[in-house]
Amino acid sequence: MNRHLELTDIAPAPKAVMLAALSAVVQSGRARVFFEGAAVADRKAVEQAFWNDYDGNITEGGLALIRLWQLVDVLQSRRLQHLLLQNGFRFIEAAAIAAGELRLNLDWGFMPQRLYWAISAVETARQAEQPAPARLTPLELAVLPLAA
């Protein structure tokens, strides 16, 4: 069996670093890149904001920025644009978390369908973590005061 090592694959980036990169986009005022794509000036502004605030591992920071720009590129696909417009910032946050772990090849970028599946998995896990709303018994419901 022959195993091939793909040299253009990018290592995963930790969730916290991906969220820091996402925060740099928002703080630099360039959130429109998720809708329109990123120009050179946008990339420079976001990267400057990221490195000004980030004090972690430089390698992880670089990986997060590479993954962020690939995420911006793949979010230009029709299906992901539609979901982005429907769900807003919550979708972008889930996408950034998913992009930190998803396989990324520099030659091909992210596969839109796989990113969609990974985002769905992040959102499902997020919903599972939320505590269930407290349920009142029929007796407790009976003694609740009526709203005026």
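Structure: see above.
Residues numbered from 1 in each chain as written. Predicted model: local features only at pLDDT ≥ 70, side-chain atom pairs only at ≥ 80, totals over all residues. Heavy atoms only, no water.

A few words now on the overall build of the protein chain. Summing up its helical and strand segments, the protein chain has 8 helices and 2 strands in all. In the protein chain, the succession of helices and strands from N to C terminus is β-α-α-α-α-α-α-β-α-α. Of all 148 residues assigned to the protein chain, the portion counted as buried reaches 34%. Partitioning the contacts of the protein chain with sequence separation of at least 6, the portion at a separation of at least 24 is 72%. Carbon and sulfur atoms form 58% of the exposed surface of the protein chain, whose accessible area is close to 9,700 Å². (Helix = DSSP H or I, 4+ residues; strand = E, 2+ residues; numbered from the N terminus. Buried < 20%, exposed > 50% of the residue type's maximum accessible area, 1.4 Å probe, protein only. Contact = heavy atoms within 4.5 Å. Areas by Shrake-Rupley, 256 points an atom, 1.4 Å probe, with all protein chains shown as cover.)

Buried residues of helix α5 (residues 78–87): L80, Q81, L83 and L84, and no others. Projection of α5 onto a plane perpendicular to its axis shows the buried side chains occupying an angular sector of 165 degrees, all on one side. Those residues of α5 that are exposed and angled more than 90 degrees off the buried face are R78, L85 and Q86. The secondary structure elements touched by the buried residues of α5 are α2 (33–36), α4 (58–74), α6 (89–101) and α7 (112–129). (Arc of directions from axis to C-beta.)

Looking now at the nonpolar core. Of all hydrophobic cores here, the largest spans 41 residues; its most connected members are F34, L68, L71 and L115. Listing elements by their share of this core, those giving two or more residues are α1 (15–27), α2, α3 (40–53), α4, α5, α6 and α7. Sequence-distant contacts of L115, defined by excluding residues within four places in its chain, comprise L71, V74, L80, A95, A98, A99 and L102. (Core = buried A, V, L, I, M, F, W, Y, C linked by side-chain atoms within 4.5 Å.)

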